[in-house]
Amino acid sequence: MIKKISILLIIALIAGCLASCLMLASCNKSSPLESDPSNTKNESSSIGNLNTDSLKPESYYTSSKQGITIGKYLETPYGTYYCSFLGYLYYSEKGNTDYITLCNKPDCTHSSKDCNAYIGTAPIGYYNGKIYYEVWNNINCMDMDGSNHKRIKTLYDGYDNNFGYFHNGYFYYVITKGGCLGAIGNDDNNLYRVKVDDDSKPEIILTNDVILKMSLFTIDEDNIYIIANIPDNSKFVSLYSYSTISKSWSELTDAFGGPSAYYINDDTGYCYINNKGFYEIDIDTKKMKQMKALEFENEGICSALYYLDYIYLIHYTNEPFNFLNQILYIYDWDYNLIDSVEFDKVYGTGGFVGDVDGYIIFTSNFDVKPEYYIDKSEIGTGNLMFHKIED
Amino acid sequence: MKLNYKKSLSLLIMLLILLSYSIIPVSASSDYYESTYNGYNYNCSSSFSSNYLSGEMSYAGPSKINVIQDFNYMQSGYSTVYTDSRIAFPQTSFVGIVTTINTGWYFTHCYYSYLIGVNTVYSVGLF
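Residues numbered from 1 in each chain as written. Chains lettered and ligands numbered in written order. Predicted model: local features only at pLDDT ≥ 70, side-chain atom pairs only at ≥ 80, totals over all residues. Heavy atoms only, no water.

A.B. asks: Before we go on, may I ask you to explain the layout of surface pockets in this structure?
C.D. replies: Over the atoms, a rolling probe the size of a water molecule traces out where space has been left empty. Residues and elements named next belong to chain A. Of the voids in this model, the second largest pocket is the one considered here, and its volume is about 1100 Å³. In this structure, the second largest pocket is lined by 43 residues; those nearest its centre are S63, S64, H167, I219 and Y263. Put simply, the parts of the chain that give the lining of the second largest pocket at least two residues each are α2 (58-62), β9 (161-167), β10 (170-176), β12 (203-207), β13 (214-220), β14 (223-230) and β17 (262-265). The element contributing the most residues to the lining of the second largest pocket is β13, with 5 residues. A class-by-class count of the residues in the lining of the second largest pocket yields 20 nonpolar, 14 polar and 9 charged. (1 Å grid on protein atoms, 1.4 Å probe; cavity = no way out; pocket = protein on both sides within 12 Å on 5 of 7 lines; lining within 4 Å. Points joined across faces, edges and corners; volume = space filled by probe spheres on them. Helix = DSSP H or I, 4+ residues; strand = E, 2+ residues; numbered from the N terminus. Nonpolar A, V, L, I, M, F, W, Y, C, P; charged D, E, K, R; others polar.)

Below, the structure written as structure tokens:
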């Protein structure tokens, strides 16, 4: 009996190995730079259809949203889209419903770069009925059902990297010759933008050495806000503003909150500073005011994400920092704490993915599709919990 | 009979080890791999530290070779995770790519892909 089981196990393992080899062989496709994704139409009728229920203004969908990740999660009139850290694009009809890999290639295992859903690690954006994504120095687009991939334009010649994201029909970016933000070798102090849906060339919209120490930038109508590192200071960043109309450049404060802890809208800057609390700055007067003092016994690191309904403060409690233990605190816009819940399902790097309609979306790992959601109708009921997104 | 059991069991364990190795990402700060492609030797050398990523490849054949780094990085004191991808200029014989990040930033993970022509011949994740 044992012998038979052993033989069966061996056969199963050999079959597994052969399958792995075949899978690896199928990975041998062209690099994204040279890829030519299949334009096969997605046959699932429910994917990428316009949902006319409770549509928001177009600018809501095209604008960049806050997150722990940058340009990975999109709410669109056609449903929600998530690009995992492994580079695969997923679609969910309502954000809290099953995330489907956007690939209709027959027998595809969705585990290699020749999968139709593989678009690489760069950001995605929505504009005028298309999903846009960037691969190296090229802007590409696809239909909302994941079909009809096209290269739209090349930003520049050569192999230099860039960092940027899509916002209201443009791709805003900086060129990072050293390979990424903060890299040694970066020497291009321009901020560029390019329209995504025409044949225009990129334009420089700002030149300033602050760009070389930038952590992140935010576009708010005709203003550009840049947060920049202060050497040997991980508590504060400097906040600068630039008006594309008046061309005026100004340092607003050198005590602002950093990436994933700030938001700017309509002449007000909002931020959270670790173990100090919530602050607001009047962009015109540069006056900064503490709105709510907040100190955790275990300082950790916090994200502050500002959305229409609530402000989400996520406290990562582990020292040294990791994503494993995090508590979500939910505040109203008057900084009253409404509710809180622990998220203890992370392995590796994971957590908050996005906010869509009545749901807050989380994942246990950014490498995979979103897996959990909070139903906002449960906030403040005493019964707040994470629900599993079922397949 | 006992000998057959032992043989089967040994084979089973070996296969389990091999299979595990093929599916679990390498958790190390460096990696070296060598093999042949179209009858020519090639080797791939990868290293990772919190401020330094390096991928190098040598190939004895005539085809162009390349290295891709897909990596995540963060800024000290904040939770934003940045993702990026870097590709070298294709070369024959030897190609290498190094990414170094300043103080205040750190890499959390890098996935290296090594290409001969357009084919990925080896890939490894380090963190």
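A.B. asks: Is there a simple way to think about the packing of aromatic side chains in this case?
C.D. replies: The description of an aromatic ring pair rests on the distance of the ring centres and on the angle between the ring planes. Residue and element names in this part refer to chain A. Across all of its chains, the model carries 54 aromatic pairs over all chains by this definition. An angle of 90 degrees between the planes, with centres 6.3 Å apart, marks the rings of F163 and F217 as edge-to-face. Here F163 is found in strand β9, whereas its partner F217 is found in strand β13, with 54 residues between them in sequence. The same class applies to F163 and to F217, which are both buried. Ring centres of Y270 and W333 lie 5.3 Å apart, and the angle between their planes is 90 degrees; on these two criteria the pair is classed as edge-to-face. (Phe/Tyr/Trp six-rings, centres within 6.5 Å; stacked < 30°, edge-to-face > 60°. Buried < 20%, exposed > 50% of the residue type's maximum accessible area, 1.4 Å probe, protein only.)

A.B. asks: Whenever I open this one, the sheet that holds strand β6 (residues 94-100) of chain B confuses me. Can you help?
C.D. replies: Sheet strands line up and pair through hydrogen bonds in the backbone, either parallel or antiparallel. Residues and elements named next belong to chain B. Strands sit in the order β1-β2-β3-β6 across an open sheet of 4 strands; the sheet is antiparallel. In the strand order of this sheet, the two ends are held by β1 (30-37) and β6, each with one partner. If you compare each strand with its neighbour and ignore which way they point, the axes differ by 5 degrees on average. Bridging between β1 and strand β2 (residues 40-49) involves 8 bridges; their strand directions are antiparallel. Bridging from a neighbouring strand, S30 pairs with S47 of β2. (Pairing = 2+ DSSP bridges. Axes fitted to C-alpha atoms, helices over the stretch in contact; angles between N-to-C directions.)

A.B. asks: I would appreciate a short explanation of the sheet that holds strand β7 (residues 105-116) of chain B in the present structure.
C.D. replies: All names here are of chain B. Sheet architecture is open: 4 strands sit in the order β5-β4-β7-β8, paired in antiparallel fashion. The open sheet is flanked by β5 (82-87) and β8 (119-126), the only strands paired with a single partner. Averaged over all pairs of adjacent strands, the angle between their axes in this sheet comes to 20 degrees, without regard to strand direction. Sheet analysis places β7 next to β8, joined by 7 bridges and oriented antiparallel. When the sheet's bridge partners are listed, Y111 is paired in β8 with G125.

A.B. asks: It is not clear to me how the confidence of the model for chain A should be interpreted in this structure. Could you clarify?
C.D. replies: Detailed reading of the predicted coordinates is not advisable wherever pLDDT is low. For chain A, the mean per-residue pLDDT works out to 89, and 88% of the residues sit at or above 70. Overall, residues 15-41 of chain A carries pLDDT values under 50, and its contacts beyond four positions in sequence, including any with other chains, amount to 51 contacts. (pLDDT = per-residue confidence, 0-100. Contact = heavy atoms within 4.5 Å.)

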